[in-house]
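Here is how the chains run, residue by residue.
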Amino acid sequence: MERASSLRRKAMARQHKGEVMIAGEQLRLRLHDGKLIKDRRYHLRTYPNCFVAQELIDWLVSHKEAPDRATAVCLMQHLMDHDIIHHVCDKRSVLKDAKLLYRFRKDDGTFPFNTEVKIFMRGQQLFEHLIGDKDSILQLRVEHGVAYQRSFPGCQLIDWLLQNMEAESRRQALDLCRILQEHGIIQHVAKKYDFFDSGLLYQFCINFRRRRHLSELLSESEDVVILTQEDNHLESPFVLHKSHPQEGSSDFQSGKYLKQVTSGRRGSLNSSQLHSAGFPPFVQLNSTSVICNPKSVLRRSYTCEELLAPGAPFMKKVLTVIGDDLAWGFVVRGMAPCYVQAVDPGSPAAAAGVKVRQFLCQVNGQCVLYLDYRTVSRLVMTGPRTVVLEVMEPLE
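None of the values given here were measured: they were computed from a predicted structure.

The helix and strand inventory of the protein stands at 13 helices and 15 strands. The burial tally for the protein puts 48% of its 396 residues in the buried class. Within the structure as shown, the protein displays about 19400 Å² of accessible surface, and the carbon and sulfur contribution to it stands at 53%.

This is the structure we're talking about:
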């Protein structure tokens, strides 16, 4: 069970990385069309195919890709953290809303085409080929009373791979499909089984053709697949139609709650405790309710500059949190800096000394002071089980 959960977390993290790559590439092409990416001269040197951060932030806000400049910076920092963009001289790891030059790694040949990226591109190529087939195996099919758009039996996909010379043998085709599943590209429609050469139904997890809104990069949950209105269109390969209510078939329902609290449903943090901490009553992940942002526990908000100012009333601490089978047991909030909003009293976080209202400075040696809570949460959830936190605690 623990191994299956670990594999699923890795697949979800890889799937999110794939979504970031698609969104980044779509943005790059739009910026080229809009002439924001071009050769620029600075200090007697010409930098090809780059953009000015301040101009890009203006563009994101004016094109409603971000509601404000702070969110736009967080979006671009997210692309930077995923090696989509970088400073032209690689002198800055943090994107600034200033007249500084940055560039897409695809425009200067520095994009890391590692094994994960190559597998993702192979999955995209197969998706496009399957969608383009006149008699595509991607069809509306029913399993256990639930209809799934553009799904396919595992054995038919293997047949198709062999017929189209995408694999040399049935064993090689099966290995390819299992690699695609491990990397979050295909999945069993109910997420119950690994890939088998059988009549079990599978789907692509990613709609490669859908135009991404950049705000999705910060709002996506890694616990559930969240459908947008575009995904719910009948032409989407991911729309799900229920013939009747089915227990446990909530994989495509909307819902959002941070994994640190809900995973495993640790009993020591009950509904009344969550509500008193500023959260709505406890909601299961398969609920159709949408969780609202909780009220901040901070007595007042702080800027990063205030935290770092000499003589500021804060004390730095280094805490080591060793996650158990139910994750770590704390929730972070805040756009930058982010802070601890809630701690499960019986969790590894509480045992390590994590407390409400602590500000996060570093996660496993990486500075997170200028990152939003979604990015920090993702760093924790996709990293090792042992998390080393550097926090700043208010002096009472």
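Relative to the assigned elements, histidine 16 resides in helix H1 (residues 2-33). Judged by relative accessible area, which is 4%, histidine 16 ranks as buried. Polar contacts involving the side chain of histidine 16 include one to the side chain of arginine 378, which spans 3.4 Å.

Turning next to the sheet that holds strand S3 (residues 85-87). Reading across the sheet, the four strands line up as S1-S2-S4-S3 and stay open at both edges, with antiparallel pairing between neighbours. Only two strands of the sheet have a single partner each, and these edge strands are strand S1 (38-42) and S3. On average, adjacent strands in this sheet sit at an angle of 55° to one another, irrespective of strand direction. Lying over the sheet, helix H2 (residues 53-62) contacts S1, strand S2 (45-52) and strand S4 (101-104), oriented at roughly 20° with respect to S2. Each of S3 and S4 is contacted by helix H3 (residues 69-81), which is oriented at about 95° to S3, the strand it contacts most.

Glancing now at the environment of glycine 34. With respect to the element layout, glycine 34 can be found in the loop between H1 and S1. With 25 residues separating them in the primary sequence, glycine 34 and tryptophan 59 have C-alpha atoms 9.7 Å apart.

Our focus in this paragraph is unusual backbone geometry. With omega at 0°, the peptide bond leading from alanine 336 into proline 337 counts as cis. You can see proline 337 is positioned in the loop between strand S11 (330-333) and strand S12 (339-343). Although it is not a glycine, asparagine 49 adopts a positive phi angle of roughly 50°. You can see asparagine 49 is positioned in strand S2. Judged by relative accessible area, which is 29%, asparagine 49 ranks as partly exposed. Although it is not a glycine, aspartate 83 sits at a positive phi angle of roughly 60°. By secondary structure assignment, the location of aspartate 83 is in the loop between H3 and S3. The exposure class of aspartate 83 is partly exposed, given its relative accessible area of 33%.

Tallied over the full model, the rule gives 21 salt bridges. Here glutamate 65 makes a salt bridge to arginine 211, at a shortest N to O gap of 2.7 Å. Linking glutamate 65 in the loop between H2 and H3 with arginine 211 in the loop between strand S8 (201-204) and helix H8 (216-219), this pair joins segments that are 146 residues apart in sequence. For arginine 211, a relative accessible area of 32% translates into the label partly exposed. As a salt-bridge pair, arginine 170 and aspartate 197 come within 2.7 Å of each other at their nearest N and O atoms. Here aspartate 197 lies in the loop between strand S7 (186-188) and S8 and arginine 170 lies in helix H7 (residues 170-182), a separation of 27 residues in the sequence. Given a relative accessible area of 34%, arginine 170 falls into the partly exposed group.

This next bit is on the packing of aromatic side chains. Under the criterion given, the structure shown has eleven aromatic pairs. Pairing phenylalanine 127 with phenylalanine 204 gives two aromatic rings, centres 5.2 Å apart and planes at 75°, and the pair type is edge-to-face. One end of the pair, phenylalanine 127, is in helix H5 (residues 115-132); the other, phenylalanine 204, is in strand S8, with 77 residues separating them in the sequence. By relative accessible area, which is 1% here, phenylalanine 127 ends up buried. Looking at phenylalanine 204, the relative accessible area reads 4%, which means it is buried. A centroid spacing of 5.0 Å and a plane angle of 80° characterise the contact between tyrosine 302 and phenylalanine 314, whose relative ring orientation is edge-to-face. Taken as a pair, tyrosine 302 in the loop between helix H10 (271-276) and helix H11 (304-308) and phenylalanine 314 in strand S10 (residues 314-322) lie far apart in primary sequence, twelve residues in all. For phenylalanine 314, a relative accessible area of 10% translates into the label buried. In this structure an aromatic cluster arises from ring pairing among Phe120, Phe127, Phe152, Phe204 and Phe208. The ring of tyrosine 370 has lysine 96 lying over it, and the distance from NZ or CZ to the ring centre is 5.1 Å. Over the aromatic face of tyrosine 302 sits the side chain of arginine 300, whose NZ or CZ is 4.0 Å from the ring centroid.

Right, let's get into the environment of leucine 307. You can see leucine 307 is positioned in helix H11. Judged by its relative accessible area of 2%, leucine 307 falls in the buried class. In this structure the C-alpha to C-alpha distance between leucine 307 and proline 394, which are 87 residues apart in sequence, comes to 9.6 Å. In contact with leucine 307, not counting residues within four places along its chain, are Tyr302, Ala312, Phe314, Pro337, Phe359, Leu369 and Met392.

Moving on, we come to the confidence of the model for the protein. If pLDDT is low for a region, its predicted coordinates should not be looked at in detail. Here the protein averages 78 in pLDDT, while 78% of its residues score no lower than 70. For the protein, per-element mean pLDDT is lowest for strand S9 (residues 240-242), which scores 34, and highest for helix H6 (residues 154-163), which scores 95. Within the model, pLDDT remains below 50 along residues 220-265, and this stretch shows 122 contacts once partners closer than five positions in the same chain are excluded. Counted against residues more than four places away or in other chains, residues 267-292, with its pLDDT under 50, gives 47 contacts.

Calculation rules
- Residues numbered from 1 in each chain as written.
- Predicted model: local features only at pLDDT ≥ 70, side-chain atom pairs only at ≥ 80, totals over all residues.
- Heavy atoms only, no water.
- Helix = DSSP H or I, 4+ residues; strand = E, 2+ residues; numbered from the N terminus.
- Buried < 20%, exposed > 50% of the residue type's maximum accessible area, 1.4 Å probe, protein only.
- Areas by Shrake-Rupley, 256 points an atom, 1.4 Å probe, with all protein chains shown as cover.
- Polar contact = N/O pair within 3.5 Å; in protein donor to acceptor, adjacent residues only side chain to side chain.
- Pairing = 2+ DSSP bridges.
- Axes fitted to C-alpha atoms, helices over the stretch in contact; angles between N-to-C directions.
- Contact = heavy atoms within 4.5 Å.
- Salt bridge = Lys/Arg side-chain N within 4 Å of Asp/Glu carboxyl O.
- Phe/Tyr/Trp six-rings, centres within 6.5 Å; stacked < 30°, edge-to-face > 60°.
- Lys NZ or Arg CZ within 6 Å of the ring centre and 35° of its normal.
- pLDDT = per-residue confidence, 0-100.

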